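Architecture at a glance
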Amino acid sequence: MSDTFHAMWRSLRPIGRSDASGGYRRYAWTGADAECRLWFQAQAEARGLDHEVDRNGNQWAWLGDPARGDAVVTGSHLDSVPDGGAFDGPLGVVSSFAALDELRARRVSFTRPLAIVNFGDEEGARFGLACVGSRLTAGQLTVEAAHRLRDGDGVSLPQAMEAAGYDPSTIGPDPERLARIGAFVELHVEQGRALDLTGDPVGIASAIWPHGRWRFDFRGEANHAGTTRLVDRRDPMLTYAETVLAARREAELAGAVATFGKISVEPNGVNAIPSLVRGWLDSRAADQSTLDTVVTGVEKAAREYADRHGIDLDVVRESFTPVVEFEDALRDELGTILGARSERPLPVLGTGAGHDAGILSGSIPTAMLFVRNPTGVSHSPAEYAAEDDCVAGVTALADVLEGLACR
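Let me begin by describing the structure that accompanies this report. The structure displayed is predicted, hence computed values, not measured ones.

Let's talk about the overall build of the protein chain
Of the regular secondary structure elements, the protein chain holds 13 helices and 15 strands. Computed over the C-alpha atoms, the radius of gyration of the protein chain is 22 Å, within 12% of the 22 Å expected from 2.2 N^0.38 for a compact globule of 407 residues. Once the C-alpha set of the protein chain is aligned to its principal axes, its extents read approximately 80 × 45 × 40 Å. Residue burial in the protein chain is summarised as follows: out of 407 residues, 53% are buried. When contacts within the protein chain are restricted to residue pairs at least 6 apart in sequence, those whose partners lie at least 24 apart make up 78%. Across the protein chain, the 40 positively charged side chains and the 59 negatively charged ones have centroids separated by 2 Å.

Next comes the structure, spelled out in structure tokens:
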């Protein structure tokens, strides 16, 4: 198992990697994404699996007849955030193929169809909305809204798909596909240090915090940076900067997180006062009430600052995912399967990171396994998981799949 895992890891690792940063730029419907998709297809075909691409661009590798229904599905995604790490997403896909190899080495007999999936555009790095492939499949993103998505160059999602050789006219809800699935289990590198603190290589997810993205548009007046007196300025950058600090304060008070991680400035000249500063807020909390408190507090502070400086402000919620409590029965079944092979029960932990499993949880039973991340760093080239922990993750996933699909 270790050999096949590392062979796959070595073959996937160079795709989309930036020499400058050491991070990954695997954005949806780009050349790097196409290479990842070819890699997935090659892995499927090398194992005699039936490869298909669904109406929303998600890839599937099937063992057994999917029409039988009640299939057990595993997998994750292969795209990345800008200059992201190697493990977020790909670890789950590589581990899924490695787990199948392990099950075949055990000579188990499958009683349910098994599939491995690569969901498209999970990170939302290009079009600004996370989990596009799974949202479309589950009907949580309408066709009309999907067609309105644009990247930084103004290219729409349908245009990008068509340029990559896919037919965008078919995108939309896919209830027939979801009806085939009895359970979906996603393995993912932990995006935090909970497992490092407990000393466990693998854990089970309990819930995903509610989270969303809000766009703040601060509109002022463009003017000359060298000749305009400070008292005569309507500079939206000042209001934006004060709002960033307010977000930090609100998050600290509430025990949540809030981040302005992306900004767009017009006209974006060194010697020009901006006319528009557009910033995107990402906020997450353990419960809905706390999240509402944080976002309401940030918006209130932003409007007060805007009024003080003569700035116009628009706030738009671009995406939102409510709290996800993974199904108790499936989560407990994972605990029973893995507990029988462990000296102590596996830790059960929540996460502030969104995942395809969370999107699908409203339609089908879903569960997640986390692999220890010793530094807790994610969405960065410094993201890391130790070799022994990765192998432990593959073993745990194989045990789960055996317990679910080989009964």
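A few points about the state of the cysteines
For the structure on display, the rule yields 0 disulfides. Residue Cys-36 stays outside any disulfide, its sulfur separated by 17 Å from that of Cys-131, the closest cysteine. Residue Cys-36 is classed as buried on the basis of its relative accessible area, which comes to 1%.

Looking at the side chain of Glu-122
Turning to its location among the elements, Glu-122 is positioned in the loop between strand E4 (114-119) and helix H4 (132-138). Not counting residues up to four positions away in its chain, the partners in contact with Glu-122 are His-77, Asp-79, Ala-130, Cys-131, Gly-354, His-355 and Asp-356.

What about unusual backbone geometry?
Glu-266 connects to Pro-267 through a cis peptide bond whose omega is 0 degrees. By the secondary structure assignment, Pro-267 is in the loop between strand E9 (257-266) and strand E10 (272-273). Of note, the phi angle at Asp-121 is positive, near 50 degrees, even though the residue is not glycine. When you line up the elements, Asp-121 lands in the loop between E4 and H4. Judged by its relative accessible area of 5%, Asp-121 is buried. Despite not being glycine, Asn-268 shows a phi value in the positive range, around 65 degrees. On the secondary structure map, Asn-268 appears in the loop between E9 and E10.

Digging into the pairing of strand E11 (residues 276-284)
For E11, a buried count of 8 out of 9 residues is recorded, marking the element as mostly surrounded by other parts of the structure. Here 9 bridges tie strand E7 (residues 211-219) to E11, and the two strands are oriented antiparallel to one another. Residue Arg-215 lies in a different strand from E11, and its bridge partner there is Trp-280.

Some words on the nonpolar core
Counting residues in hydrophobic clusters, the biggest one holds 52 residues, and the most contacted among them are Trp-39, Leu-91, Phe-97, Leu-334 and Leu-369. Those residues within four positions of Leu-334 in sequence are excluded, and the remaining contacts are Val-185, Ile-204, Ala-367, Met-368, Leu-369, Val-400 and Leu-404. Listed in part, the 25 residues of the second largest apolar core include Val-73, Ile-181, Leu-349 and Ile-364.

Considering the sheet that holds E7
Spatially, E9-E11-E7-E12 is the arrangement adopted by the 4 strands of the open sheet, whose pairing is antiparallel. In this open sheet, the two strands that pair with only one neighbour each are E9 and strand E12 (312-321). Taken over all neighbouring pairs, the strand axes of this sheet differ in orientation by 20 degrees on average, direction set aside. Bridge analysis of E9 against E11 gives 9 bridges, and the strand direction is antiparallel. Counterpart to Phe-260 in the pairing with E11 is Leu-281.

A look at the pattern of salt bridges
In total, this model carries 24 salt bridges according to the counting rule given. In this structure, the salt-bridge partner of Asp-101 is Arg-47, at a minimum N-O distance of 2.9 Å. With Asp-101 in helix H3 (residues 90-105) and Arg-47 in the loop between helix H2 (31-46) and strand E1 (50-53), the pair connects residues that are 54 residues apart, well separated along the chain. Relative accessible area serves as the criterion here: at 19%, Asp-101 is assigned to the buried category. In the salt-bridge network here, residues are joined through shared partners; they are Glu-52, Asp-54, Asp-174, Arg-177 and Arg-180.

As for the packing of aromatic side chains
Following the criterion strictly, the structure yields 13 aromatic pairs and no others. Seen in terms of ring centroids, Trp-60 and Phe-119 are 6.0 Å apart; in terms of plane orientation they differ by 80 degrees. Their pairing is edge-to-face. Of this pair, Trp-60 sits in strand E2 (residues 59-63) while Phe-119 sits in strand E4, placing them 59 residues apart in sequence. As far as burial versus exposure is concerned, Trp-60 and Phe-119 are alike and both buried. Among the aromatic residues, those joined into a ring-pair cluster are Phe-5, Trp-9, Phe-87 and Tyr-384. Above the ring of Tyr-166, the side-chain terminus of Arg-37 is found at 5.4 Å from the ring centroid.

A closer look at the packing of helix H11 (residues 328-339) against helix H13 (residues 387-405)
Between H11 and H13, the shortest axis-to-axis distance is 9 Å and the interhelical angle comes to 115 degrees. As the angle between them shows, H11 and H13 are arranged roughly perpendicular. As H11 packs across H13, the resulting crossing turns out to be right-handed. The residues of H13 that touch H11, namely those facing Leu-330, Glu-333, Leu-334, Ile-337 and Leu-338, are Ala-396, Asp-399, Val-400, Gly-403 and Leu-404. Partitioning the contact of H11 with H13 into residue classes produces 7 nonpolar, 1 polar and 2 charged.

Here's the deal with the environment of Asp-167
Position of Asp-167 relative to the elements: it lies in the loop between helix H6 (157-163) and helix H7 (175-179). Here the alpha-carbon distance between Asp-167 and Arg-55, two residues 112 residues apart in the chain, equals 8.1 Å. Polar side-chain contacts of Asp-167 include one of 2.7 Å to the side chain of Ser-169.

Reading guide: rules and limits
- Residues numbered from 1 in each chain as written.
- Predicted model: local features only at pLDDT ≥ 70, side-chain atom pairs only at ≥ 80, totals over all residues.
- Heavy atoms only, no water.
- Helix = DSSP H or I, 4+ residues; strand = E, 2+ residues; numbered from the N terminus.
- Rg over C-alpha atoms; globule rule 2.2 N^0.38 Å.
- Buried < 20%, exposed > 50% of the residue type's maximum accessible area, 1.4 Å probe, protein only.
- Contact = heavy atoms within 4.5 Å.
- Lys, Arg positive; Asp, Glu negative; His and termini not counted.
- Charge placed at Lys NZ, Arg CZ, Asp CG, Glu CD.
- Disulfide = S-S within 2.5 Å.
- Pairing = 2+ DSSP bridges.
- Core = buried A, V, L, I, M, F, W, Y, C linked by side-chain atoms within 4.5 Å.
- Axes fitted to C-alpha atoms, helices over the stretch in contact; angles between N-to-C directions.
- Salt bridge = Lys/Arg side-chain N within 4 Å of Asp/Glu carboxyl O.
- Phe/Tyr/Trp six-rings, centres within 6.5 Å; stacked < 30°, edge-to-face > 60°.
- Lys NZ or Arg CZ within 6 Å of the ring centre and 35° of its normal.
- Parallel < 35°, antiparallel > 145°, perpendicular 65-115°, else oblique.
- Left-handed = near helix turned anticlockwise from the far one by under 90°.
- Nonpolar A, V, L, I, M, F, W, Y, C, P; charged D, E, K, R; others polar.
- Polar contact = N/O pair within 3.5 Å; in protein donor to acceptor, adjacent residues only side chain to side chain.

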